[in-house]
Amino acid sequence: MNFNRLNNRFIPFSQIETDCILALDDDIEMITTSELEFGFQVWKEFPDRLVGFPGRRHTWNKAEHRYRYSSMWAGDISMVLTGAAFHHKFYSHLYTYTMPKAVRHWVNKHMNCEDIAMNFLIASFTGKPPIKITPRKRFRCERCSLNESLWDGPEYFQERNYCLNNFTRIFGGMPLKKVDYRADPVLYLDPHFGVHEQRFANIGHI
C-alpha cells in the first residue's frame, strides 16, 4: 500500500481465508488468550455482530441538539471499538466497496473514526447492536508514549463527536442501537469452581 490510512485496516485482502477477522490495534497488550478464545466463541454464535472488548456509547445532548461520543463507564453501550474486536470478513467488503465515499474520505483526512464508521455500517446493515465481551475496560499499553498515539488529546474526542453527527447525516439517520448486555463465560467469578475447572480461566476484571 502506498499510503498509511486507517481505512486500510478493513481492506478484504485475498490472503484472508477465514470468515472471522480479529481487528487488533498495535498498542493493545492486556488481552489474554482466554479472552481471545472466549471472544471467538461468542462471535461464532453471533457472526453477524461486531463482537469485541472496548465498549462505547452515544448520547443525545438536548441543549446542543446533537449526539455526543462517550467513553464513560455506564450500563449500556452502542459501539464496540475495532481496536480489539471480531467481525465477519463480509463487513470488510462492505466497508471497502459500499461505505459512503464521504465517510471514507473523512476518515482518511482526519485519521480518526474508522471504528465508529464500522459500527455505523454494521448497525445499519443488521439493525442490531454490537456485543461487548468480558468486563475488562483497559487494554492499551501503559508504557507507550502518548505523543505517538492517535487517541490522545481533546481534539481526538471533539472529532469523534463530529463524526457521530456527520455520519448520522450521511447515513440518513442514527443507526446505532443501545444495549445493556455483556457476554461473560458461564463460570466467570463463580466461587464454587476453581480456576482449573474453568475453560476460560484468565478473564480480566477491569
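Since we're looking at a predicted model, the values are computed, not measured.

### Focus: helix 4 (residues 114-126)
Right, so step 1: With 13 residues, helix 4 ought to run about 18 Å at 1.5 Å a step, and its terminal C-alpha atoms sit 18 Å apart, in line with that.
Right, so step 2: Counted residue by residue, helix 4 has ten buried out of 13 residues, so it is predominantly covered.
Right, so step 3: All of the buried residues in helix 4 are Glu114, Asp115, Ile116, Ala117, Met118, Asn119, Phe120, Leu121, Ile122 and Ala123.
Right, so step 4: Those residues of helix 4 that are buried are in contact with strand 4 (66-70), strand 5 (79-80), strand 6 (84-88), helix 2 (89-97), helix 3 (101-110) and helix 5 (154-171).

### Some words on the packing of helix 2 against helix 4
Right, so step 1: The N-to-C vectors of helix 2 and helix 4 enclose an angle of 105°; their axes lie 10 Å apart at closest approach. Compared by their axis directions, helix 2 and helix 4 come out roughly perpendicular. Together, Phe90, Tyr91, Leu94 and Tyr95 of helix 2 and Glu114, Ala117, Met118, Leu121, Ile122, Phe125 and Thr126 of helix 4 make up the contact between the two elements.
Right, so step 2: Classifying every residue of the contact of helix 2 with helix 4 by side-chain character gives nine nonpolar, one polar and one charged.

### Here we look at the sheet that holds strand 4
Right, so step 1: Taken together, three strands build an open sheet; the order of strands is 4-3-5 and the sheet is antiparallel. Both edges of this open sheet fall to strand 4 and strand 5, since each of them pairs with a single strand only.
Right, so step 2: Sheet topology note: the strand 3 (residues 55-61)/strand 5 ladder contains two bridges and is antiparallel. Note on strand 5: the bridge partner recorded for glycine 55 is valine 80.

### As for the sheet that holds strand 2 (residues 51-52)
Right, so step 1: If you trace the five strands from one edge of the open sheet to the other, you get 1-6-2-7-8, paired in mixed fashion. The sheet terminates laterally at strand 1 (20-24) and strand 8 (182-183), the two strands that pair on one side only.

### Focus: the nonpolar core
Right, so step 1: Residues Tyr95, Ile116, Met118, Phe120, Leu164, Phe167 and Leu176 are the most contacted members of the largest nonpolar core, which totals 31 residues.
Right, so step 2: Listing elements by their share of this core, those giving two or more residues are strand 4, strand 5, helix 2, helix 3, helix 4 and helix 5.
Right, so step 3: Top contributing element to this core by residue count: helix 4, with seven residues.
Right, so step 4: Ignoring anything within four residues of it in the chain, the contact list for leucine 164 reads His58, Tyr67, Arg68, Tyr69, Met79, Ile116, Phe120, Met174 and Leu176.
Right, so step 5: By size, the runner-up hydrophobic cluster in this structure holds 13 residues, among which are Phe38, Phe86, Ile131 and Ile133.

### Remarks on the packing of aromatic side chains
Right, so step 1: One pass over the structure, following the stated rule, counts 13 aromatic pairs.
Right, so step 2: Between the aromatic rings of phenylalanine 10 and tyrosine 95, the centroid separation amounts to 4.7 Å while the plane-to-plane angle is 55°, which identifies the pairing as tilted. A residue pair is termed long-range when its members are at least 10 positions apart, and phenylalanine 10 in the segment before strand 1 and tyrosine 95 in helix 2 qualify at 85 residues.
Right, so step 3: Take phenylalanine 10: its relative accessible area is 0%, and that puts it in the buried class.
Right, so step 4: A relative accessible area of 0% places tyrosine 95 in the buried class.
Right, so step 5: Summarising the aromatic geometry, the rings of tryptophan 106 and tyrosine 162 are spaced 5.8 Å apart at their centres and angled 25° between planes, so their arrangement reads as stacked.

### Some points on the state of the cysteines
Right, so step 1: In the structure shown here, the tally under the stated rule is one disulfide.
Right, so step 2: Disulfide pairing places cysteine 113 opposite cysteine 163 at an S-S distance of 1.9 Å. Linking cysteine 113 and cysteine 163, the disulfide has an S-S dihedral of approximately 95° and is accordingly described as right-handed. Placement of cysteine 113 in the loop between helix 3 and helix 4 and of cysteine 163 in helix 5 is noted, with a sequence separation of 50 residues between them.

### Examining the pattern of salt bridges
Right, so step 1: The final tally for this structure, using the stated rule, is seven salt bridges.
Right, so step 2: The residue arginine 9 makes a salt bridge to aspartate 25 at a minimum N-O spacing of 2.9 Å. Of this pair, arginine 9 sits in the segment before strand 1 while aspartate 25 sits in the loop between strand 1 and helix 1 (33-45), and the two are 16 residues apart along the sequence.
Right, so step 3: The class for aspartate 25 is buried, based on a relative accessible area of 18%.
Right, so step 4: When the shortest N-O distance is used, the salt bridge between lysine 128 and aspartate 48 registers 2.7 Å. Here lysine 128, found in the loop between helix 4 and strand 7 (131-133), pairs with aspartate 48, found in the loop between helix 1 and strand 2; they are 80 residues apart in sequence, far enough to count as distant.

Calculation rules
- Residues numbered from 1 in each chain as written.
- Predicted model: local features only at pLDDT ≥ 70, side-chain atom pairs only at ≥ 80, totals over all residues.
- Heavy atoms only, no water.
- Helix = DSSP H or I, 4+ residues; strand = E, 2+ residues; numbered from the N terminus.
- Expected span 1.5 Å × (residues − 1).
- Buried < 20%, exposed > 50% of the residue type's maximum accessible area, 1.4 Å probe, protein only.
- Contact = heavy atoms within 4.5 Å.
- Axes fitted to C-alpha atoms, helices over the stretch in contact; angles between N-to-C directions.
- Parallel < 35°, antiparallel > 145°, perpendicular 65-115°, else oblique.
- Nonpolar A, V, L, I, M, F, W, Y, C, P; charged D, E, K, R; others polar.
- Pairing = 2+ DSSP bridges.
- Core = buried A, V, L, I, M, F, W, Y, C linked by side-chain atoms within 4.5 Å.
- Phe/Tyr/Trp six-rings, centres within 6.5 Å; stacked < 30°, edge-to-face > 60°.
- Disulfide = S-S within 2.5 Å.
- Salt bridge = Lys/Arg side-chain N within 4 Å of Asp/Glu carboxyl O.

Purely geometric numbers; function is a separate question.
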